[in-house]
Every structure is written in C-alpha cells, then in structure tokens.
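Residues per chain, in single letters:
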Amino acid sequence: MIARALAFVDDEPLLAALLLSVGICLARYGHLAIIQTDLGADEAQYWFWSQEMSWGYYSKPPMIAWLIGLSTSVLGDTVIGVRALSPLLLAGTGMALFSASRQLFGDKAGLSTLLFWHFMPAVVLGGTLMSTDIPLLFFWSTSLWLLVKMIEAPHGEKNAWALALGAALGAAFLSKYAALYFPIGLIIAALTSSYVRRGLTMRSTLISACALAVATAPHLQWNIANEFQTVKHTADNASWSG
C-alpha cells in the first residue's frame, strides 16, 4: 500500500498535491464546524468593517473586510461565516508554494514545501481564524510563483505573466502593508542573482509596476482623503519615529 502510494506521488505529483491540499482544507472546515470559538477582537473589528465596503479602514487595508463581506454574504454573520475563507486561502497558498518550488527545484522539492507549509504551527493555528496574514501570504506566495513563471517564460509570454504578477502584488498590498517587503526583496535578488537578472526585462518590470500602481491607487486615494489614517496607524505600530 505504501509503495503504491509513493509510486502515485512520483507519477502524479500535481494530482497528489491537489488531493493533499483538498484533504487538509476539508479537515480544517470540519474543525471549524465542530470546535467553535468566539471571534477574537481583531476578527470582530474586521467583521464590523465588512458591513460597509470601502477602499480603506482605520488600521488595515481593505482586503480582509472584503473577504469577510464575501463569505458572510453566503454563510451569514456567524463565526464560521467570518472564518470561512481562511482554510481555502491557506490551501491556495500551499499550492502556490508547491508550484514555485516545483518549477525551481523539481517535484520532490515542491511536495516537501507543501507539507512543511501545511504543518507549520502558525499555519495550523491560522486555519482556525481569519487574520490579515492569511490573504497576505496567499497573494504573496502567488506573486512568488508568478515571478518564477515570468522569469522562465519565453520572451513573447513575459508581459502576460508580468501583468498577473503586478495584480497579485497589488492584492497582497491591499491585504497588509508588509507586502512592501516583496519588491524590496526582488530588488535585492536582482542585484545578487544572475537567474533573476537574466529573466527580467525592462518592459516586464514596468508592466508589473503599472499593474501594481493601478491596483493600489484607490486605496492610496482613500488614505489621502482620510489624512493617511491607515498609514499613520501602521507607522505607530512599527514605532518608526523611534
């Protein structure tokens, strides 16, 4: 039985990754249904925001409220309704990391990455709540996979991957400002990695930057109209002034 399972994994790594992700996702939904806890303070605040869709909120960008608004519109204003998209996003993050690792290092590396992701303690805990880190990591990991696809794509296909990369980065930024570390890391990678430098072109970089700017422009406009409230709160939390 074990030998047949290992042979299946070797022969069908993508299908094995999908089945594993679906199984863990369903297990997390079962956990949410059976062992219900009250919303945390942050979750309750995000739910409150979701009652009125906006391009920004007091302490966080808008993605978390949008996602909770979507799930509660289907499942109602319940604890499960607030947390419903968390297991799905965690599964999607795992598949994005699997795909990026598989593209770079092969099938075994991709499956190992997927397993490590799903069984990290913070990720196990993340399946029981809804926080801004959940969508951030999904869109961040998707951006990483799209970056690898763009770097390795033939010249004629780079622009499409670059557009998707910019959109995913924009969604990550709308999830949490920590997404800013992705382009910083990309700049460092371009300076230190010949693999990255060979795969980037000026046009693809500009396309990604423009897509990112378009995706985040409404949130920037909201901050301007509200005296940069979200930015100020983030700066206070980071103690930049100190």
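As the structure is a computational prediction, the values presented were derived from the model and not from experiment.

Basis of the calculations
Residues numbered from 1 in each chain as written. Predicted model: local features only at pLDDT ≥ 70, side-chain atom pairs only at ≥ 80, totals over all residues. Heavy atoms only, no water. Helix = DSSP H or I, 4+ residues; strand = E, 2+ residues; numbered from the N terminus. Rg over C-alpha atoms; globule rule 2.2 N^0.38 Å. Buried < 20%, exposed > 50% of the residue type's maximum accessible area, 1.4 Å probe, protein only. Contact = heavy atoms within 4.5 Å. Areas by Shrake-Rupley, 256 points an atom, 1.4 Å probe, with all protein chains shown as cover. Salt bridge = Lys/Arg side-chain N within 4 Å of Asp/Glu carboxyl O. Lys, Arg positive; Asp, Glu negative; His and termini not counted. Axes fitted to C-alpha atoms, helices over the stretch in contact; angles between N-to-C directions. Parallel < 35°, antiparallel > 145°, perpendicular 65-115°, else oblique. Left-handed = near helix turned anticlockwise from the far one by under 90°. Nonpolar A, V, L, I, M, F, W, Y, C, P; charged D, E, K, R; others polar. pLDDT = per-residue confidence, 0-100. Core = buried A, V, L, I, M, F, W, Y, C linked by side-chain atoms within 4.5 Å. Expected span 1.5 Å × (residues − 1). Phe/Tyr/Trp six-rings, centres within 6.5 Å; stacked < 30°, edge-to-face > 60°.

Caption draft 1: Up close: the overall build of the protein chain. When its secondary structure is counted, the protein chain shows 14 helices and zero strands. What you see in the protein chain, going N to C, is helices and strands ordered as α-α-α-α-α-α-α-α-α-α-α-α-α-α. What you see for the protein chain is a C-alpha radius of gyration of 19 Å, in line with the 18 Å of a compact globule of 242 residues. Along the first, second and third principal axes, the C-alpha atoms of the protein chain reach 55 × 50 × 35 Å. Within the protein chain, the fraction of its 242 residues that count as buried is 40%. Considering only residue pairs separated by 6 or more positions, the protein chain has 70% of its internal contacts joining residues 24 or more positions apart. Split by element, the accessible area of the protein chain, about 13,100 Å² in all, is 69% carbon and sulfur.

Caption draft 2: Representation of the pattern of salt bridges in the model. In the structure shown here, the tally under the stated rule is three salt bridges. Here Arg-102 ties to Asp-107 by a salt bridge, and the two come within 2.7 Å at their closest N and O atoms. Here Asp-133 and Lys-176 are joined by a salt bridge, their closest N and O atoms 2.7 Å apart. Remark: Lys-176 occurs in the loop between α10 (158-173) and α11 (181-192) and Asp-133 occurs in helix α9 (residues 133-152); sequence separation between them is 43 residues. On the basis of relative accessibility, which here comes to 32%, the residue Asp-133 falls in the partly exposed class. Judged by relative accessible area, which is 23%, Lys-176 ranks as partly exposed.

Caption draft 3: Examining the side chain of Lys-158 more closely. Mapping Lys-158 onto the fold places it in helix α10. Buried and unpaired, Lys-158 has Glu-157 as its nearest opposite-charge partner, separated by 9.2 Å. In contact with Lys-158, other than residues within four places in its own chain, are Met-150, Ile-151, Glu-152, Ala-153, Gly-199, Thr-201 and Ser-204.

Caption draft 4: The arrangement of the packing of α10 against helix α13 (residues 202-225) in detail. Two elements in contact, α10 and α13, have axes whose closest approach is 7 Å; the angle formed by their N-to-C orientations is 30°. Considering the angle they form, α10 stands roughly parallel to α13. In this structure, the crossing between α10 and α13 has a hand that is right-handed. Residue-level contacts link Lys-158, Asn-159, Ala-162, Leu-163, Leu-165, Gly-166, Ala-167, Leu-169, Gly-170 and Phe-173 of α10 to Arg-203, Ser-204, Ile-207, Ser-208, Ala-211, Leu-212, Ala-215, Thr-216 and His-219 of α13. For the contact of α10 with α13, a count of residues per class yields ten nonpolar, seven polar and two charged.

Caption draft 5: Main features of the confidence of the model for the protein chain. Summing up the model confidence of the protein chain, the mean pLDDT is 91 and the portion of residues at 70 or higher is 91%. For the protein chain, the element scoring lowest by mean pLDDT is helix α14 (residues 229-238), at 65; α9 scores highest, at 97.

Caption draft 6: Quick peek at the nonpolar core. If you look at the biggest cluster of nonpolar residues, it comprises 23 residues, and the most contacted ones within it are Trp-49, Met-63, Ile-64, Leu-67, Ile-68, Leu-89 and Met-130. Only α3 (41-50), α4 (63-75), α6 (85-105), α9 and α10 provide two or more residues apiece to this core. Among the elements that take part in this core, α4 stands out by supplying five residues, more than any other. Once you skip the residues sitting within four places of it in the chain, Trp-49 turns out to touch Tyr-57, Tyr-58, Ser-59, Lys-60, Ile-64 and Ala-65. If you look at the next biggest cluster of nonpolar residues, it comprises eleven residues, including Met-150, Ala-162, Leu-169 and Leu-186.

Caption draft 7: Up close: α10. Taking 1.5 Å as the rise per residue, α10 with 16 residues should run 22 Å; its terminal C-alpha atoms sit 22 Å apart, in good agreement. When α10 is considered as a whole, its buried residues turn out to be Lys-158, Ala-162, Leu-165, Gly-166, Ala-168, Leu-169, Gly-170, Ala-171 and Ala-172. Of the surrounding elements, those touching the buried residues of α10 are α4, α9, α11, α12 (194-199) and α13.

Caption draft 8: Looking closely at the packing of aromatic side chains. Applying the stated rule across the entire model yields seven aromatic pairs. Ring centres of Trp-55 and Trp-66 lie 5.0 Å apart, and the angle between their planes is 85°; on these two criteria the pair is classed as edge-to-face. In this pair, Trp-55 sits in the loop between α3 and α4 while Trp-66 sits in helix α4, placing the two residues eleven residues apart along the sequence. Taking the relative accessible area as the measure of exposure, Trp-55 reaches 37% and is therefore partly exposed. Plain terms: the ring middles of Phe-173 and Tyr-177 are 5.1 Å apart, the flat faces sit at 35° to each other, and that makes the pair tilted. The exposure class assigned to Phe-173 is partly exposed, which follows from its relative accessible area of 25%. With relative accessibility at 15%, the residue Tyr-177 sits in the buried group.

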